[in-house]
Amino acid sequence: MSEFPPKNYIRTASAVEGIEVFAPRPLEPDESPEIVDFHCPQCGATTAYSLEDGGLKCAHCGYFEPPAKEIVGRGAQDFEFKVEALAESAHGWGTRRSDLVCENCGAETSFPPGTLSTRCAFCGSNKVLQREGLQSFLRPRFLIPFQLDENRSLKIAKEWLGSSWMVPDHVKSNSSLEAFTPVYIPYWTFDAAAFANWKAQVGYDETERYYDASNNEWRTRTVTRWRWEDGAVRQDYDDLLVSGTQRISSLHLRNIQNFKLSELVVYSPEYLAGIGANAYDVPLEPAWEKGRYAIRADVYNLCHKQIKGDHIRRFEMALDLAEESWRYVLLPVLINAFYYRGRSYRIVINGQTGKISGQRPVDWIKVWLVNVLMLAPGLVISLLGLVLQFGSPEAFALFWVGIGLLVLGLAGMAVVLTKASGMDDE
Amino acid sequence: MNAMVCRSCNWRFFKQNLPAEPFCPHCRSAEVERINDEKALDFEQFLPFSVSKTEFHARVEEFSRNIPFRPPDLKPANLLERVEEIFLPRYLVDADVTAVWQAEMGFNYEVVSHQEIYQSHNWETIERKETRINWEPRVGRLARRYENVPAPALEDDKALASRLGEYSLRTPEPVDGRIVEPWVRVPDRNTSDAWLDAVVGLHQRSAEDCRLAAGADHVEQFQWQPEFGEKHWTLMLVPVYASYYLDDDGRFLPVLMNAQTGTLSGVRYASVQKARRYTAALLIIAAFLFGGSVFFGVVSPLFPIFGIAAIILFFFSVGCAIGAAFPVFMAKRFNSRINIPPGYRPG
């Protein structure tokens, strides 16, 4: 050892007298500033991340600074389910608010718990909070930068609103739809290898002939032959996504969840400048529980697919999960909310792929009119058939044609009503 | 000093009161020679004989079990009657150690994994905890004095340790000028030879202390650059019971026992002579059966029923004749696996 202690080694506690111990300096020392402010090096104005340009931009002088984009993709570091990680993540953010002095204007600003980025209410400077994580391993390490700007998202939203005839015309041509708000949503990603062993009684239907003594004739009947079968399933799960927030409808988040994790980059505060971001409010353990529910349902189906019989009973399955690991990431979402007849409707767009989901108001007059139009032919023809049969019995066939059309109309009506009632689901 | 050397096994012994007709307590050879060694042996500590003679008896009984055709002399009572108490020497060194060290330290941590059971239309989750090791590099400095680090005082110390197992050196008693009654084997290594082995022991102790200092659960790849000072050597005695039994040719087959732990070591020998006696008995039976077969064969023309008896006896005689080869074969095969340890020279 030419140099002692070696570079980047620091003294640590020793439990034995006469022995000094030096350990590598932690990779993530708390040397980063608690709050990162973003100022233009040219004019000193506040800079923010520009979704359009993909970097820090000064709205005042046009200065642009691209972020150090270090793409790690699916190779991004993941973590084991350490007992301490589960315990720490369960503590949550509590109710403590951070009171910090704005270095830009000197004002004392209060941030709600779990806030990762904010704006000073007094000078409007963008701030990214670095130390909100309880533990270093529970801070976001990776994110997918926005690839969609506000204008493009507005266009997607208008096309989506206009794509359904049930949406009121007033909403379709709504020019007052305000710009989307970009936010980073906390997500947990999980990896696991699943090994399942199953056994079940599988029934195979067979047709057999038997003699019916009461009628003195041979007949056929179907009998089920049962036998025990077993099998095994092995399935790897890579980057199973579970939302880490309850603030946005899980239904809509699930609808837009086609994120390409191959584009994950290393977290850097520049990405959050001027963009809303919150830490998770669904801790690691409950999130993994949701993930496991999804895995076991999937493996359950895979096991059932192996069974070729006609019936299954006494199905049992033991599913072992190995190499379980997790990652905490921020994923880009654009959110918008608009009011229609006193009710708020929310739209979310995947900030990477542009997939959209949300609530849309329904023009119920239009919907009922269409329903009436669907039912009318059947009603009219059946009534006509009923009346005409008094003069000509052959016209009774017309009655049945009308009834057929009426049934079709009712089926169509059920489809339309189901779709319409689901359009504003939260 | 009352010392002697055995010309047969080359072990050198010291005894306070040598017998009038000296013999080697190890190999029982009478070819011993008194030697005049001017060097005084400074034994400071010894481990007492903590295994009782009753336990020795039981261990010999266990040792001799499952030996086919056990030699007639291999009886626990015989071995107990012939037992001699021997002390083997071992160096203990105290030294100041200053070193710069580096190692990979392993820290245990627990991870959680899951098993999901589906039974009777219900899911049950079983959480399991597994201990894993996180390896991290550590470096440091060490300045400590280590005491009573053992080092071999005999050239065949490793061979003996492999047969007798390790001794726990935690409960030594001081010699304090007391007369040491048992035989004491005289060291055949000097301290400069033993120092290299002592350094290995110091390395192990330092590695363990550094692990404790770092609060780690495991240590690997411990490397150091040591400097040693204030070395102090002492001799310690560890107890051994030595006995023997005789093989077919009257040769001594030594049996040694670690008198602290009861680990017994010796040659397990099958008596070929005894096996031959069984073989001879079987051959005699075969001959009788064959004679009977011939007799019945001769009289069978007169009494045809005797023909069947002749055939049966013939086959039995052949069976006995073939089986007669087995005892000697088994005994020789058992003995072929004997690996006489170095130092044993059956006389």
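Below, the structure is looked at part by part.

Some words on the overall build of chain B
A count of helical and extended segments in chain B gives seven helices and eleven strands. In chain B, which comprises 347 residues, the share counted as buried stands at 31%. Contacts in chain B between residues far apart in sequence, at least 24 positions, make up 76% of those at least 6 positions apart.

Details of the interface of chain A and chain B
Counting residues at the interface gives 31 residues for chain A and 30 residues for chain B. Among the elements of the structure, strand E2 (19-24), helix H1 (83-90), helix H5 (284-306) and strand E17 (311-340) of chain A are those that each provide at least two residues to the side of chain A that touches chain B. Per-element accounting of the side of chain A that touches chain B gives the leading share, eight residues, to E17 of chain A. Classifying every residue of the side of chain A that touches chain B by side-chain character gives 21 nonpolar, two polar and eight charged. Pairing of E17 of chain A with strand E5 (residues 84-119) of chain B involves four bridges; the strand directions are antiparallel. Across the sheet, the residue bridging to Leu 319 of chain A is Glu 116 of chain B, located in E5 of chain B.

A short note on the packing of helix H6 (residues 364-388) of chain A against helix H7 (residues 396-422) of chain A
Residue and element names in this part refer to chain A. As a packed pair, H6 and H7 sit with axes 7 Å apart at the nearest point and diverge in direction by 165°. Comparing their axes, H7 and H6 come out roughly antiparallel. For the element pair H6 and H7, the recorded crossing hand is left-handed. Within the contact of H6 with H7, the residues separate by chemical class into 23 nonpolar, seven polar and no charged.

A word on the sheet that holds strand E5 (residues 55-58) of chain A
All names here are of chain A. The sheet built from three strands is open, its strands ordered E4-E5-E6 with antiparallel pairing. With one partner strand each, in any of the chains shown, strand E4 (47-50) and strand E6 (64-65) form the two edges of the open sheet. Direction of pairing for E4 relative to E5: antiparallel, over a ladder of four bridges. Across the sheet, the residue bridging to Thr 47 is Cys 58, located in E5.

Section: the packing of helix H5 (residues 272-299) of chain B against helix H6 (residues 305-323) of chain B
Residues and elements named next belong to chain B. Look at H5 against H6: their axes get within 8 Å of each other, and the N-to-C directions meet at 160°. Accordingly, the angle class assigned to the pair H5 and H6 is roughly antiparallel. The crossing of H5 and H6 is left-handed. Residues Leu 282, Leu 283, Ile 285, Ala 286, Leu 289, Phe 290, Gly 292, Ser 293, Phe 296, Gly 297 and Val 299 of H5 form the contact with H6, whose own contacting residues are Phe 306, Ala 309, Ala 310, Leu 313, Phe 314, Phe 316, Ser 317, Cys 320, Ala 321 and Gly 323. Broken down by class, the residue content of the contact of H5 with H6 amounts to 16 nonpolar, five polar and no charged.

Looking at the pairing of strand E4 (residues 43-46) of chain B
Residue and element names in this part refer to chain B. Note that E4 and strand E9 (residues 218-246) share three bridges and pair parallel. Among the inter-strand pairings, Gln 45 is bridged to a residue of E9, identified as Met 236. The sheet contact formed by E4 and strand E7 (residues 173-174) spans two bridges and is antiparallel. Bridging across to E7, Phe 46 finds its partner in Glu 173.

What to know about the nonpolar core
Counting residues in each nonpolar core, the largest one holds 75 residues, and the members touching the most others are Phe 87, Leu 88, Leu 237, Val 240, Tyr 241 and Met 257 of chain B. The dominant element in this core, judged by the number of residues it contributes, is E5 of chain B, at twelve residues. For Tyr 241 of chain B, the residues in contact, after removing those within four places along its chain, are Phe 56, Val 83, Glu 85, Leu 256, Met 257 and Ala 259 of chain B. Residues Leu 56, Leu 264, Ala 277 and Leu 319 of chain A belong to the second largest nonpolar core, which totals 68 residues.

Describing unusual backbone geometry
The backbone of Asp 239 of chain A shows a phi angle near 55°, a positive value even though the residue is not glycine. Structurally, Asp 239 of chain A can be placed in strand E14 (residues 217-243). The phi angle at Phe 69 of chain B is positive, at roughly 50°, despite the residue not being glycine. Tracing the chain through its elements places Phe 69 of chain B in the loop between helix H1 (53-64) and helix H2 (76-81). Judged by local crowding, Phe 69 of chain B falls into the buried class, with 22 C-beta atoms found within 10 Å.

Rules and cut-offs
- Throughout, residues of each chain are indexed from 1 in the direction in which the sequence is written.
- Lettering for chains starts from A, numbering for ligands starts from 1, and both go in the order in which the items are written.
- Only residues with pLDDT of at least 70 get local features here, since the model is predicted, and only at 80 or more are side-chain atom pairs given and counted; chain-wide, interface and lining totals rely on the full set of residues.
- Labels follow the DSSP assignment, with helices taken as runs of H or I lasting at least four residues and strands as runs of E lasting at least two, numbered in each case from the N terminus.
- To sort residues by exposure, count the other C-beta atoms lying within 10 Å of each residue's C-beta; 20 or more gives buried, 12 or fewer gives exposed, and values between give partly exposed, all with C-beta atoms placed from the backbone.
- Two residues form a contact once the distance between their C-beta atoms, set from the backbone, is within 7 Å.
- Polar here means any residue outside two lists: the nonpolar Ala, Val, Leu, Ile, Met, Phe, Trp, Tyr, Cys and Pro, and the charged Asp, Glu, Lys and Arg; Gly therefore counts as polar.
- Note on pairing: two strands pair once DSSP finds at least 2 bridges between them.
- Axis definition: a line fit to C-alpha positions, over the contact stretch in the case of helices; interaxial angles, taken between N-to-C directions, run 0 to 180 degrees.
- Orientation is classified from the angle alone, with under 35 degrees giving roughly parallel, over 145 giving roughly antiparallel, 65 to 115 giving roughly perpendicular, and any other angle giving oblique.
- By convention, the crossing between two helices is left-handed when the near helix turns anticlockwise from the far helix through less than a right angle, and right-handed when the turn is clockwise.
- A set of buried residues drawn from Ala, Val, Leu, Ile, Met, Phe, Trp, Tyr and Cys, joined through C-beta atoms within 7 Å, is what defines a nonpolar core.

From the geometry alone we can't say anything about function, so treat these as descriptive.
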